[in-house]
Amino acid sequence: MPARARLTSPDKLVYPGKKITKQQVADYYRAVADRLLPEVARRPLSVLRCPDGVAGTCFFQKHHADALGGAVHAVPIREKDGGSEDYVYIEDADGLLDLIQMNVLELHPWGSRIDDLERPDRLVFDLDPGEGVDWNAIKAAAREVRARLDEAGLESFLRLSGGKGLHVVVPIAPGPDWATAKAFCEAFADAMARRSPDRYVATASKAKRKGVIFIDWLRNGRGATSVASWSLRAREAAGVAVPLRWDELGRAKSGSDYDLPRALRRAASLKRDPWEGWEEAGRQQLPRLDAG
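Counting restarts for each chain, with residues numbered from 1 along the sequence as it is written. Owing to the predicted nature of the model, reporting of local features is limited to residues with pLDDT of at least 70; listing and counting of side-chain atom pairs is limited to 80 or more, with chain, interface and lining totals taken over all residues. To get the side-chain values, all heavy atoms of the structure are used, and hydrogens and water are removed first.

Novice: Talk me through the nonpolar core; I want residue IDs and the actual numbers.
Specialist: Note on terminology: a nonpolar core comprises buried Ala, Val, Leu, Ile, Met, Phe, Trp, Tyr and Cys residues joined through side-chain atoms within 4.5 Å. Burial here depends on accessible area, computed with a 1.4 Å probe over protein chains only, as a share of the maximum for the residue type. Under 20% is buried, over 50% is exposed, and the range in between is partly exposed. The biggest cluster of nonpolar side chains holds 75 residues, and the ones touching the most others in it are Y15, V25, Y28, Y29, L99, L107 and F125. In DSSP terms, a helix is any run of H or I states spanning at least four residues, a strand is any run of E spanning at least two, and both are numbered starting from the N terminus. Considering every element that reaches this core, the biggest residue donor is helix α1 (residues 22-40), with 9 residues. Among the nonpolar cores identified, the runner-up in size contains 8 residues, and I77, W110, I114 and L117 belong to it.

Novice: Which residues make up the sheet that holds strand β11 (residues 200-201), and what values go with them?
Specialist: One bridge is not enough; two strands pair if DSSP finds at least two bridges between them. Here 6 strands make up an open sheet; going across it, the order is β11-β12-β8-β10-β9-β13 and the pairing mixed. The sheet is open, and its two borders are formed by β11 and β13 (243-244), each paired with just one other strand. Contacts: residue pairs with any heavy atoms within 4.5 Å of one another. For helices, the axis comes from a line fit to the C-alpha atoms of the stretch in contact; other axes are also lines fit to C-alpha atoms, and the angle between any two N-to-C directions lies between 0 and 180 degrees. Those strands touched by helix α4 (residues 178-195) are β8 (122-129), β11 and β12 (213-216), and its axis lies near 35° from that of β8.

Novice: Would you mind going over helix α2 (residues 93-101) in detail, with residue names and values included?
Specialist: With respect to burial, α2 is a largely interior element, 7 of its 9 residues being buried. Pairing of N or O atoms within 3.5 Å defines a polar contact, subject to two protein rules: one partner must be a possible hydrogen donor and the other a possible acceptor, and residues neighboring in sequence count only if both atoms are side-chain atoms. Sitting at the head of α2, D92 places a side-chain oxygen 3.2 Å from the backbone nitrogen of D94. Phi for N103, located one or two positions after α2, is positive at around 70°.

Novice: Report on the state of the cysteines, specifying residues and quantitative values.
Specialist: Disulfides are defined in this document as cysteine sulfur pairs within 2.5 Å. Scanning the entire structure with this criterion turns up 1 disulfide. Between the sulfur atoms of C50 and its disulfide mate C58 the distance is 2.1 Å. Disulfide C50-C58: torsion about the S-S bond near 115°, hence right-handed.

Novice: Could you give me a rundown of the pairing of β12, with the residues and numbers involved?
Specialist: Of the two faces of β12, the one holding I213 and I215 and the one holding F214 and D216 are both buried throughout. Note that β8 and β12 share 4 bridges and pair antiparallel. Bridged to P129 within β12 is I213. Bridging between β11 and β12 involves 2 bridges; their strand directions are parallel. Among the inter-strand pairings, V201 is bridged to a residue of β12, identified as F214.

Novice: Summarise unusual backbone geometry; cite the residues concerned and give the values.
Specialist: In this model, K19 sits at a positive phi of 60°, which is unusual for a non-glycine residue. Inspection of the secondary structure puts K19 in the loop between β1 (13-15) and β2 (20-21). For K19, a relative accessible area of 58% gives the class exposed. Residues other than glycine seldom take positive phi values, yet A238 does so here, at roughly 55°. On the basis of relative accessible area, A238 is assigned to the buried category, the value being 0%.

Novice: Describe a negative patch on the surface, and please don't skip the residues or the numbers.
Specialist: Together, D150, E155, E279 and E280 make up a negatively charged patch on the protein surface. Note on placement: D150 falls in helix α3 (residues 135-151). Residue class for D150 comes out exposed when judged on its relative accessible area of 56%. Residues enter a patch when their relative accessible area is above 30% and they make no salt bridge; the linking distance is 9 Å between like charges and 5 Å between nonpolar side chains (Val, Leu, Ile, Met, Phe, Trp, Tyr). In short, Shrake-Rupley with a 1.4 Å probe defines the accessible areas, and a residue's cover is counted only from the protein chains shown. Within this document, salt bridges are pairs made up of a side-chain nitrogen of Lys or Arg and a carboxyl oxygen of Asp or Glu, the two lying within 4 Å of each other. For the purpose of counting charges, residues Lys and Arg are taken to be positive, whereas Asp and Glu are taken to be negative. His and the chain ends are not included. Throughout, a charge is located at the NZ atom of Lys, the CZ atom of Arg, the CG atom of Asp or the CD atom of Glu.

Printed below as a string of structure tokens:
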């Protein structure tokens, strides 16, 4: 860890139930930095900070503050009221470790980069199970989302959320604006919900989600974020949002299959990137979706 990112309170318990300390969290992020940084570098970030560990109060922060560290940078972004605010971004492992020093556990990047803020280059469908939905149904939903995207000419990639669900992630060539990208995702989710209303909903209403899966398309608007691959989650189980190959889905037992120690072992032992082909897929164009 660079000198300016010297860790204070290294023995503080961040995940008390797992006996995981702040030092272990920093060691984890240092070990996975090469895998994590392509997901987060030079993108505006919302970060979840837990100064007293996951048993205490955690809060999201998206605006820059000098206290975050010298390797954590600011990018001015126009807000809805017409004003501008400085948002957080990082370039490298120094920035990542400065964030960890400031008790950041989760990193949630925008779907665009700071040098092309108004043109997203990735879409995320978060499969969020309602009460009573079993894991096999969530896996089946991910496969169906993949198949429907394939029909639309889009290759997709799979991530365990580190919590209850799965994420299906789609790289696209920058070009469509935020409104276009969000409209595509809404129409896609609506179409799936219409075809299988007994399995899916495309509305965030809690009252309508019991026994079905919410295909959360809302993460694809300007300023919305989704957790990065290899990010820890601020939950007692110390789950990690882990990217999988599609052929690994059958063996997955939950969205939080990988806690910190297991994710660390996976990162160290991977022979190839589970999202192999991502760069090539990033040239694919967002199609028009027939909402019928």
